[in-house]
Every structure is written in C-alpha cells, then in structure tokens.
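So you can see what is in the structure, the chains are spelled out below.
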Amino acid sequence: MKRVLLITSSNDQYHAALEKAGYVVIPVRVGKEYDVAVSALPPPNGVDYCIVELPAVPAEAESLMDSLVVRGRVIALAREFSSGVKSFLLRAGVADLLYGDRVRYCAAYLRA
C-alpha cells in the first residue's frame, strides 16, 4: 500500500477520500502560523507521497517544503494558481499542483 503524508488545514476531508481509495494516510496538522515540526514528520523514504496545502504566502512553507522533497513526491495544494505560487514551487523543485477545491480529485491524481 502506498503511504501518503497529508499536511492540510482540512485533513479530515482528504483523509477519508484517500483511505477510501486504498492509501495509508499519515495526517499532520498545520497551525495558524504554518508551523509544522520537522521532527514530527516520518523519516525520508517513509512515505510515497507528500500532499501539502500551501499557505496564503507560500514562502511561509519554505522550510517545510525543503524537508518534504526528500521524503517523497510532493503534491502541493493551493487555493489559486498565481505567479507567486508558480515561482515558489519552481524554486522548491515541486512539479505537481492541484488548485481550487480538489478533495475528490486528489486520489485519482495520485493513481495517474
């Protein structure tokens, strides 16, 4: 079974959809300051996918993104696609972005 590290503000919605599709989900909550302790993350190679919701200011997730790219394929979630989001993802080395309300499409995207 594929393991998914899930870092969003609405983990419950994504968790249910991903589990239903057969993925093992490891949820990590994000705080208002987008503070996710890197020590709370699984070790590198402990997951197949990292799904992370970007904050309104993507640069706030820079250190988190640096620690995720060594753990598995990163899929970013954003409310909108902007030049700021695009440049942030390019600098971070992340090619996958789902934007808007993509809860129901997330599992299908991982299978593709």
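Note that the structure is a prediction, hence the values are computed from the model and not measured.

> Provide a residue-level description of helix H3 (residues 83-92), including the pertinent values.
Taken together, the buried positions of H3 are Val 85, Phe 88, Leu 89 and Ala 92. Axial view of H3: buried residues confined to an arc of 95°, hence all on one face. For H3, exposure combined with an orientation more than 90 degrees from the buried face picks out Ser 83, Leu 90 and Arg 91. Residues of H3 that are buried in the fold lie against helix H2 (62-68), strand E4 (73-78) and strand E5 (96-99). Taken from the residues just after H3, Gly 93 is the one with a positive phi, measuring 80°.

> Describe the nonpolar core, naming the residues involved and giving the relevant values.
In this structure, Leu 5, Ile 7, Leu 54, Met 65, Leu 68 and Leu 89 are the most contacted members of the largest nonpolar core, which totals 23 residues. Mapped onto this core, the elements with two or more residues apiece are strand E1 (3-8), strand E2 (24-29), strand E3 (49-53), H2, E4 and H3.

> Help me get a handle on the side chain of Thr 8, residues and values and all.
With respect to the secondary-structure elements, Thr 8 resides in strand E1. What makes Thr 8 buried here is its relative accessible area of 1%. A polar atom in the side chain of Thr 8 sits 3.2 Å from the backbone nitrogen of Ser 10. At 2.6 Å, the side chain of Thr 8 forms a polar contact with the side chain of Asn 11. In this structure Thr 8 touches Tyr 14, Val 28, Val 30, Glu 53 and Leu 77, once residues within four positions along its chain are discounted.

Reading the values: rules and limits
- Residues numbered from 1 in each chain as written.
- Predicted model: local features only at pLDDT ≥ 70, side-chain atom pairs only at ≥ 80, totals over all residues.
- Heavy atoms only, no water.
- Buried < 20%, exposed > 50% of the residue type's maximum accessible area, 1.4 Å probe, protein only.
- Helix = DSSP H or I, 4+ residues; strand = E, 2+ residues; numbered from the N terminus.
- Arc of directions from axis to C-beta.
- Contact = heavy atoms within 4.5 Å.
- Core = buried A, V, L, I, M, F, W, Y, C linked by side-chain atoms within 4.5 Å.
- Polar contact = N/O pair within 3.5 Å; in protein donor to acceptor, adjacent residues only side chain to side chain.

Don't take any of this as a statement about function, it's just geometry.
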